[in-house]
Amino acid sequence: GAYEERENSSALASIVRVGNDERRRKEFSLSRESDVHIYVVGEGRSGEMFDYGWIEDANTSKTVWEMKYRKTEHAGGAEKNRLFEGTISLPAGRYIVFYETDGTHAYEDWNDSPPDDPDGWGITISLGKSGRR
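What you see is a predicted model, and the numbers here were worked out from it, not measured in a lab.

### What to know about the overall build of the chain
And then number 1: A count of helical and extended segments in the chain gives 1 helix and 9 strands.
And then number 2: Counting over 133 residues, the chain shows a buried share of 47%.
And then number 3: When contacts within the chain are restricted to residue pairs at least 6 apart in sequence, long-range pairs at least 24 apart make up 74% of them.
And then number 4: Here the chain has roughly 7,100 Å² of accessible surface; of this, 43% comes from carbon and sulfur atoms.

### Some thoughts on the side chain of T72
And then number 1: Looking at the secondary structure, you find T72 in the loop between strand 5 (63-66) and strand 6 (73-74).
And then number 2: The class of T72 is buried, set by a relative accessible area of 11%.
And then number 3: Within the local environment of T72, its side chain forms a polar contact with the backbone oxygen of Y69, the two atoms lying 2.6 Å apart.
And then number 4: If we ignore the near neighbours within four places in the chain, the residues touching T72 are M49, M67, R82, L83 and F84.

### Observations regarding the side chain of R82
And then number 1: Locating R82 in the fold gives a position in strand 7 (residues 81-90).
And then number 2: Taking the relative accessible area as the measure of exposure, R82 reaches 6% and is therefore buried.
And then number 3: A distance of 2.8 Å separates the side chain of R82 from the side chain of E79, its partner in a polar contact.
And then number 4: Other than its neighbours up to four places away in sequence, R82 contacts V40, V41, G42, E43, G44, M49, M67, Y69, T72, E73, H74 and A75.

About the thresholds
Residues numbered from 1 in each chain as written. Predicted model: local features only at pLDDT ≥ 70, side-chain atom pairs only at ≥ 80, totals over all residues. Heavy atoms only, no water. Helix = DSSP H or I, 4+ residues; strand = E, 2+ residues; numbered from the N terminus. Buried < 20%, exposed > 50% of the residue type's maximum accessible area, 1.4 Å probe, protein only. Contact = heavy atoms within 4.5 Å. Areas by Shrake-Rupley, 256 points an atom, 1.4 Å probe, with all protein chains shown as cover. Polar contact = N/O pair within 3.5 Å; in protein donor to acceptor, adjacent residues only side chain to side chain.

Purely geometric stuff here, so don't read any function into it on its own.
Structure follows, in structure tokens:
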């Protein structure tokens, strides 16, 4: 169906179409320092995130990136639909991507207008367009 095509072949990890009260995780590894592109659609308001993603170093459990409200923009629909899209550089290693939702307003159970990309509700990590090898 439509989703298989969306499962971007360049994705290192994708957790999308996340419903309420979920906490999902996926792992990915980098064989060398790489630019990774992060795309996250979630829920937040008044400076706080309610449905959001983060990345941890699998060996140290240290958070290497987290979706912070002040770094997000409006994702269309209700103002609380938030989007982060950007690229960060990560060293070689193993990583765990997390996405967590609260009890309201998530994929297929919106309590307000959905975002422009409802199927993207969650986090997708892919290799960035980097010339570095």
